[in-house]
Amino acid sequence: MAEQTKYVLDEADLPTQWYNVIPDLPEPPPPPLHPGTREPVGPDDLAPLFPQALIAQEVATDRYVDIPEEVREVYRLWRPSPLYRARRLERVLGTPARIYYKYEGVSPVGSHKPNTAVPQAFYNAAEGVRRLTTETGAGQWGSALAFACAQYGLECEVWQVRASYDQKPYRKLMMETFGATVHPSPSELTESGRAILKQHPDSTGSLGIAISEAVEQAAQDPDARYALGSVLNHVLLHQTVIGEEALKQFELAGDTPDVLVGCTGGGSNFGGLAFPFLREKLAGRMDPVIRAVEPAACPSLTRGKYAYDFGDTAGLTPLLKMHTLGHEFIPDPIHAGGLRYHGMSPLISHIHELGLIEAIAIGQQECFAAGVRFARSEGIIPAPEPTHALAACIREALRCKETGEEKVILTALCGHAHLDLPAYGAYLAGDMVDDELSEATLEASLATLP
Ligand SMILES: *Cc1c(COP(=O)(O)O)cnc(C)c1O
């Protein structure tokens, strides 16, 4: 038989449960705190923002959570997603390493985000919510939630970071086609937006500001709730379908990963792939090195402080214990919009503190070089975010070339770049820069920690 390239599962192999890593950890992550009382937040504090089912999942102590059949039915539109062996990339690199990638670009919006958008919309609709508000940076999350809301008949209102709203008209059109309403952020529609515009009339926005606007709107409307596309425990929980499928696909391939790399913005695609493998590692059934890769321009895990901070700029959210660059931090306008968040998932942060995962930061030029190399060999143009994972993957494969080690590398290819091609245009034209985040800027931003 010819050497296999693609490992495909049947619909019958679609996972029936999400995996909750928390009970398998040596200790649970520190709880979110109420910004006023500094006491752990309770379900009542979160009820204006999230439906009960998701609040329950946020603090779930069971190792597995059943996936509702109504959600699996929508998942079947694109799941199980394929696992590929990157034989052409291996050949180009001349590496003895075996490289695999789990491809999430097959979803309706081209990324892993619908894995959580669909259950979030489902639970809200089931509890009688009529409207969901959210923010979007690169436009991936907004598109995913717009698609998911259309599945269950919910209204969807999105605050899109101004810079991305202006640069990515196609994402906005995609959201509108799915029936969503899209506002540039900061906007005049919210107190948080107006406060920013008063100080900075030309503000190009940030994820932190857009979150403040969406949260403020949801909190004011009893029929509305808010949806977050990353960072929180329930989001990472939903994304574990990626890793559960990948484990089955590795069985088909008869292989076991030695190194697992994924890009981290808020941590959801990385956690989704990594947690089921971490379960196997903690149980002693395999021992992969698990490595998070972030942009050098927004290095929360590698240079941020592990401290309680707000999830948004205006300080409306609970305090989260996480690796943070400070909630007022506005990263350089790098091309991987999905990786420009000031904090990191509290769960990923905690697991990093426990020493169970590693983290590195890479500049965007090396990442896009990796993206182009991947596109020319494997035929998929990676979204700007996973080029970070691919750059780390190529570094590892080239190390193997030097040492002759036949390592097995697994990477999350969490989306394609069909609506992000101007980023490749900038790279190909030689217009892309790597601005190092200065120690002084970082210190000034960390001084704003609550
Ligand atoms: C949103 C997004 C990211 C960053 O979010 P995570 O929660 O860290 O996964 C990365 N890649 C793509 C394609 C995205 O859409």
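Keep in mind the model is a prediction, meaning the values are calculated, not measured.

1. Focus: the overall build of the protein
Across its full length, the protein carries 18 helices and 15 strands. The principal-axis extents of the C-alpha atoms in the protein amount to approximately 60 × 50 × 45 Å. Residues counted as buried form 62% of the 450 residues belonging to the protein. Taking as baseline every contact in the protein between residues at least 6 positions apart, the subset at least 24 positions apart corresponds to 77%.

2. Focus on the environment of Pro 386
Structurally, the position occupied by Pro 386 is in the loop between helix 15 (364-378) and helix 16 (387-403). Here the alpha-carbon distance between Pro 386 and Ala 336, two residues 50 residues apart in the chain, equals 8.6 Å.

3. Concerning empty space enclosed by the protein
Tallied over the entire structure, the rule returns five cavities of 30 Å³ or more. For the largest cavity, the calculated volume is near 390 Å³. Residue lining of the largest cavity: 31 residues in total, with Lys 113, Leu 207, Ser 230, Gly 266 and Gly 338 positioned closest to the centre. Where the lining of the largest cavity is concerned, the elements lending two or more residues are strand 6 (131-136), helix 6 (140-152), helix 10 (207-220) and helix 12 (268-282). Its residues assigned to classes, the lining of the largest cavity shows twelve nonpolar, 16 polar and three charged. Looking at the lining of the largest cavity, you find at least three residues from each of domain 1 (6-13 + 77-110 + 234-446) and domain 2 (22-40 + 56-66 + 113-231). Its volume calculated, the second largest cavity comes out at about 70 Å³. What lines the second largest cavity is Pro 295, Ala 296, Ala 297, Ile 334, Gly 363, Gln 364, His 388, Val 433, Asp 434, Asp 435 and Glu 436. Here the residues of the lining of the second largest cavity sort into five nonpolar, three polar and three charged.

4. Considerations on the pattern of salt bridges
Taken as a whole, this structure holds 28 salt bridges when the rule is applied. The shortest N-O distance in the salt bridge between Glu 104 and Arg 79 comes to 2.7 Å. Remark: Arg 79 occurs in the loop between helix 3 (69-75) and strand 4 (83-85) and Glu 104 occurs in the loop between strand 5 (98-103) and helix 5 (114-126); sequence separation between them is 25 residues. Judged by relative accessible area, which is 1%, Glu 104 ranks as buried. A relative accessible area of 2% means that Arg 79 is categorised as buried. Connected through shared salt-bridge partners, Arg 291, Glu 358, Glu 396, Arg 399 and Lys 407 make up one network.

5. A few points about the nonpolar core
Counting residues in hydrophobic clusters, the biggest one holds 55 residues, and the most contacted among them are Tyr 226, Phe 275, Phe 277 and Ile 351. Secondary-structure elements contributing two or more residues to this core are strand 7 (155-161), helix 10, helix 11 (233-253), helix 12, strand 11 (289-295), strand 13 (319-324), helix 14 (346-353) and strand 15 (408-413). By residue number, the principal contributor to this core is helix 11, which donates seven residues. Built from parts of two domains, this core gets at least three residues from each of domain 1 (6-13 + 77-110 + 234-446) and domain 2 (22-40 + 56-66 + 113-231). Excluding residues within four positions of it along the chain, Phe 275 makes contact with Tyr 19, Val 21, Leu 236, Thr 240, Leu 347, Ile 348 and Ile 351. Listed in part, the 36 residues of the second largest apolar core include Trp 141, Leu 145, Phe 147 and Leu 154.

6. Describing the site of the ligand
Inspection of the region around the ligand gives 16 residues, with Lys 113, Ser 230, Gly 265, Gly 267 and Ser 268 positioned closest. Side-chain polar atom of Asn 269 to an oxygen atom of the ligand: 2.9 Å apart, as the coordinates give it. Protein contacts shield 97% of the accessible area of the ligand, which totals 380 Å² for the unbound molecule. Applying the majority rule of atoms within 2 Å of the grid points places the ligand in the largest cavity. In terms of domain composition, the shell around the ligand takes at least three residues from each of domain 1 (6-13 + 77-110 + 234-446) and domain 2 (22-40 + 56-66 + 113-231).

7. Notes on the packing of helix 12 against helix 14
Contact geometry for helix 12 and helix 14: axes closest at 11 Å, N-to-C directions at 45°. Relative to helix 14, helix 12 is oriented oblique. The way helix 12 lies across helix 14 gives a crossing that is left-handed. Residues Phe 270, Gly 271, Phe 275 and Leu 278 of helix 12 lie in contact with helix 14, whose contacting residues are Leu 347, Ile 348 and Ile 351.

8. Re unusual backbone geometry
A cis amide bond links Arg 79 to the next residue, Pro 80, at an omega of -10°. Here Pro 80 shows up in the loop between helix 3 and strand 4. The omega torsion of the bond from Ser 185 to Pro 186 falls at 10°, within 30 degrees of zero and hence cis. Along the polypeptide, Pro 186 turns up in the loop between strand 8 (181-185) and helix 9 (191-199). The backbone of Arg 38 sits at a positive phi, close to 60°, despite the residue not being glycine. Inspection of the secondary structure assignment puts Arg 38 in the loop between strand 2 (17-19) and helix 1 (43-46).

9. Things to note about the sheet that holds strand 15
Pairing in this open sheet of seven strands is mixed, and the strands run 1-4-5-15-10-11-14 from one edge to the other. In this open sheet, the two edge strands, each paired with only one partner strand, are strand 1 (6-7) and strand 14 (358-362). For strand 10 (residues 259-263) and strand 15, the ladder comprises three bridges, and the chain directions are parallel. The partner of Val 261 across the bridge, within strand 15, is Thr 411. On top of the sheet, helix 11 reaches strand 1, strand 4, strand 5 and strand 15; it is set at about 140° to strand 5, its chief contact. Those strands touched by helix 12 are strand 5, strand 10, strand 11 and strand 15, and its axis lies near 165° from that of strand 11.

10. A closer look at helix 11
Structurally, the α-helix is built with 3.6 residues per turn, so residues lying three or four positions apart point the same way. Its 21 residues place the ends of helix 11 30 Å apart at the C-alpha level, agreeing with the 30 Å of an ideal helix rising 1.5 Å per residue. Bending of helix 11 peaks at approximately 30° at the position of Gln 239. Along helix 11, 18 of the 21 residues are buried, which leaves the element largely enclosed by surrounding structure. In the stretch just after helix 11, Gly 254 is the one whose phi turns positive, near 65°.

What counts, and where the lines are drawn
Residues numbered from 1 in each chain as written. Predicted model: local features only at pLDDT ≥ 70, side-chain atom pairs only at ≥ 80, totals over all residues. Heavy atoms only, no water. Helix = DSSP H or I, 4+ residues; strand = E, 2+ residues; numbered from the N terminus. Buried < 20%, exposed > 50% of the residue type's maximum accessible area, 1.4 Å probe, protein only. Contact = heavy atoms within 4.5 Å. 1 Å grid on protein atoms, 1.4 Å probe; cavity = no way out; pocket = protein on both sides within 12 Å on 5 of 7 lines; lining within 4 Å. Points joined across faces, edges and corners; volume = space filled by probe spheres on them. Nonpolar A, V, L, I, M, F, W, Y, C, P; charged D, E, K, R; others polar. Domains from an automatic or database assignment. Salt bridge = Lys/Arg side-chain N within 4 Å of Asp/Glu carboxyl O. Core = buried A, V, L, I, M, F, W, Y, C linked by side-chain atoms within 4.5 Å. Near = heavy atom within 4 Å. Polar contact = N/O pair within 3.5 Å; in protein donor to acceptor, adjacent residues only side chain to side chain. Areas by Shrake-Rupley, 256 points an atom, 1.4 Å probe, with all protein chains shown as cover. Sits in = over half its atoms within 2 Å of the grid points. Axes fitted to C-alpha atoms, helices over the stretch in contact; angles between N-to-C directions. Parallel < 35°, antiparallel > 145°, perpendicular 65-115°, else oblique. Left-handed = near helix turned anticlockwise from the far one by under 90°. Pairing = 2+ DSSP bridges. Expected span 1.5 Å × (residues − 1). Bend = angle between axes of the 7 residues up to and from the residue.

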